[in-house]
There are 2 protein chains.
Amino acid sequence: MKLKLIASFFLLISSFAAFSQEKQNSSVVEKGLTKVSVMYPFAEGKTFNMEYYETKHMPMVAAFLGSNLVKYTIEKGVASGIPNQPLPFMAIGTFYIKSLSEYQAAIGPNRDAIRADFANYTNTTPVILVSEVVR
Amino acid sequence: MKLKLIASFFLLISSFAAFSQEKQNSSVVEKGLTKVSVMYPFAEGKTFNMEYYETKHMPMVAAFLGSNLVKYTIEKGVASGIPNQPLPFMAIGTFYIKSLSEYQAAIGPNRDAIRADFANYTNTTPVILVSEVVR
């Protein structure tokens, strides 16, 4: 009985340790990474199908990137933060990667497939920003 | 002894539940939040002092936002992701917030102080995007 009690405490402590570790890793992961942000400008008559983008396009591109991809995010443009200004972007998809050269090597042979898929969800031409996570 | 064993199992189960919750929150913490992205366009003759922005301007604005601010990030524009295109943005600062109306209420009375500080680190006029984190 005493042994069981001790064993359950060990399990308790090790599960605490494991979860704390995992939590810490997820909160500091971004600094120093490279971001590739694909930004879809808004303009009169421009459309964007978020459902297709989220369930088909982004997973396809993410699969090309393999372990160089740390995570990817999707955001939906809602408004300009400046009153009486038009919405700057309808959507932004961002890849957080470890290496830009590896990213380019992975995208290169798949560029045509990626571009051909654009027509399935938008009629706007994206602006692409490569940036470095400072904080 | 039996009671202690039962109590320790309860503790074990409840700590698992608490940590899973926290872990889930930290790995998906961004989904559903509002982002306010302040984007500084690049153009010939435009400058940006990242050191001032990181150590003075962003902490000042963050302090105005209080507990509505979940986190803020800073990125430094490096290049366009499209060959032979100019750099779209020199820098982007992003506030991840719970409530847009609370954000506006907090920024309103401090808008003049925030704008007056722009001249200390840049001569470009930012584009501001309000967006919703989809993923």
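Quick notes on the rules
Residues numbered from 1 in each chain as written. Chains lettered and ligands numbered in written order. Predicted model: local features only at pLDDT ≥ 70, side-chain atom pairs only at ≥ 80, totals over all residues. Heavy atoms only, no water. Helix = DSSP H or I, 4+ residues; strand = E, 2+ residues; numbered from the N terminus. Buried < 20%, exposed > 50% of the residue type's maximum accessible area, 1.4 Å probe, protein only. Pairing = 2+ DSSP bridges. Salt bridge = Lys/Arg side-chain N within 4 Å of Asp/Glu carboxyl O. 1 Å grid on protein atoms, 1.4 Å probe; cavity = no way out; pocket = protein on both sides within 12 Å on 5 of 7 lines; lining within 4 Å. Points joined across faces, edges and corners; volume = space filled by probe spheres on them. Nonpolar A, V, L, I, M, F, W, Y, C, P; charged D, E, K, R; others polar. UniProt positions renumbered as here; feature names shortened; annotations may be inferred. Axes fitted to C-alpha atoms, helices over the stretch in contact; angles between N-to-C directions. Contact = heavy atoms within 4.5 Å. Core = buried A, V, L, I, M, F, W, Y, C linked by side-chain atoms within 4.5 Å.

Colleague: Pulling in residues and values, what's your account of unusual backbone geometry?
Modeller: Positive phi is not limited to glycine here, since A:Asn84 has a value of about 65°. By secondary structure assignment, the location of A:Asn84 is in the loop between strand S2 (69-80) and strand S3 (89-97).

Colleague: Give me the pairing of strand S1 (residues 34-41) of chain B: which residues, what numbers.
Modeller: All names here are of chain B. Most of S1 is tucked away: seven of the eight residues are buried. With eight bridges connecting them, S1 and strand S3 (residues 89-97) associate as antiparallel partners. Along S3, the bridge assignment pairs methionine 39 with isoleucine 92. With six bridges joining them, S1 and strand S4 (residues 127-133) adopt antiparallel strand pairing. Pairing of valine 38 across the sheet is with isoleucine 128, part of S4.

Colleague: Can you explain the pattern of salt bridges? Please cite residues and give values.
Modeller: Throughout the structure, instances matching the rule amount to six salt bridges over all chains. For A:Glu30, the salt bridge is made with B:Lys71, and the minimal N-O distance between the two is 3.3 Å. In this pair, A:Glu30 is assigned in the loop between helix H1 (2-28) and strand S1 (34-41) and B:Lys71 in strand S2 (residues 69-80), connecting two distinct chains. The partly exposed category is assigned to B:Lys71, whose relative accessible area is 24%.

Colleague: Give me the lowdown on empty space enclosed by the protein, citing residues and values where you can.
Modeller: The probe, sized like a water molecule, is rolled over the atoms to show the empty space still left. Enumeration over the complete set of coordinates arrives at three cavities of 30 Å³ or more. The computed volume of the largest cavity comes to approximately 90 Å³. What lines the largest cavity is a set of 14 residues, and nearest its centre among them are A:Lys35, A:Ser37, A:Glu75, B:Lys35 and B:Glu75. Every element with two or more residues in the lining of the largest cavity is listed here: S1, S2 and S3 of chain A together with S1 and S3 of chain B. Its residues placed into classes, the lining of the largest cavity shows five nonpolar, five polar and four charged. Roughly 50 Å³ of volume is contained in the second largest cavity. For the second largest cavity, the full set of lining residues is A:Thr73, A:Ile74, A:Glu75, A:Tyr96, B:Glu30, B:Lys35, B:Tyr96, B:Val133 and B:Arg135.

Colleague: I'd like to hear about the UniProt feature "domain: EthD" (unreviewed entry) in chain A, residue by residue, with values.
Modeller: Mapped onto this numbering, the UniProt entry annotates "domain: EthD" (unreviewed entry) at residues 51-123 of chain A. Here residues 51-123 of chain A runs as 42% helix and 29% strand, with 15 Å between its end C-alpha atoms.

Colleague: Account for the sheet that holds S1(B), naming residues and giving values.
Modeller: Strand order in this closed barrel of eight strands is S1(A)-S3(A)-S2(A)-S4(B)-S1(B)-S3(B)-S2(B)-S4(A), and the pairing throughout is antiparallel. With direction set aside, neighbouring strand axes in the sheet form an average angle of 30°. Docked against the sheet, helix H2 (residues 50-65) of chain A engages S1, S2 and S3 of chain A, running at close to 150° with respect to S2(A). Contacts between helix H2 (residues 50-65) of chain B and the sheet are confined to S1, S2 and S3 of chain B, with S2(B) contributing the most and set at about 150° to the helix.

Colleague: Requested: an account of the environment of A:Pro86, with residues and values cited.
Modeller: Residue and element names in this part refer to chain A. Structurally, the position occupied by proline 86 is in the loop between S2 and S3. Take proline 86: its relative accessible area is 57%, and that puts it in the exposed class. Taking the C-alpha atoms as reference points, proline 86 and phenylalanine 42, 44 residues apart in sequence, are found 8.0 Å from one another.

Colleague: So, the nonpolar core: which residues are in play, and what are the values?
Modeller: A:Phe95 and B:Phe95 are the most contacted members of the largest nonpolar core, which totals 59 residues. Setting aside residues no more than four positions away along its own chain, B:Phe95 makes contact with B:Thr34, B:Lys35, B:Val36, B:Val38, B:Met58, B:Val61, B:Ala62, B:Leu65, B:Leu69, B:Lys71, B:Tyr72 and B:Tyr103. Of all hydrophobic cores here, the second largest spans six residues; its members include A:Tyr96, B:Leu33, B:Tyr96 and B:Val133.

Colleague: Quick rundown of the pairing of S2(B)? Include the residues and the values.
Modeller: Note on strand geometry: in a regular strand, side chains alternate between the two faces of the sheet. The sheet contact formed by strand S4 (residues 127-133) of chain A and S2(B) spans five bridges and is antiparallel. Its bridge partner lying in S2(B), A:Ser131 is registered against B:Gly77. Strand direction decides the pairing type here: S2(B) and S3(B), joined by seven bridges, are antiparallel. When the bridges of S3(B) are listed, B:Tyr72 appears paired with B:Phe95.

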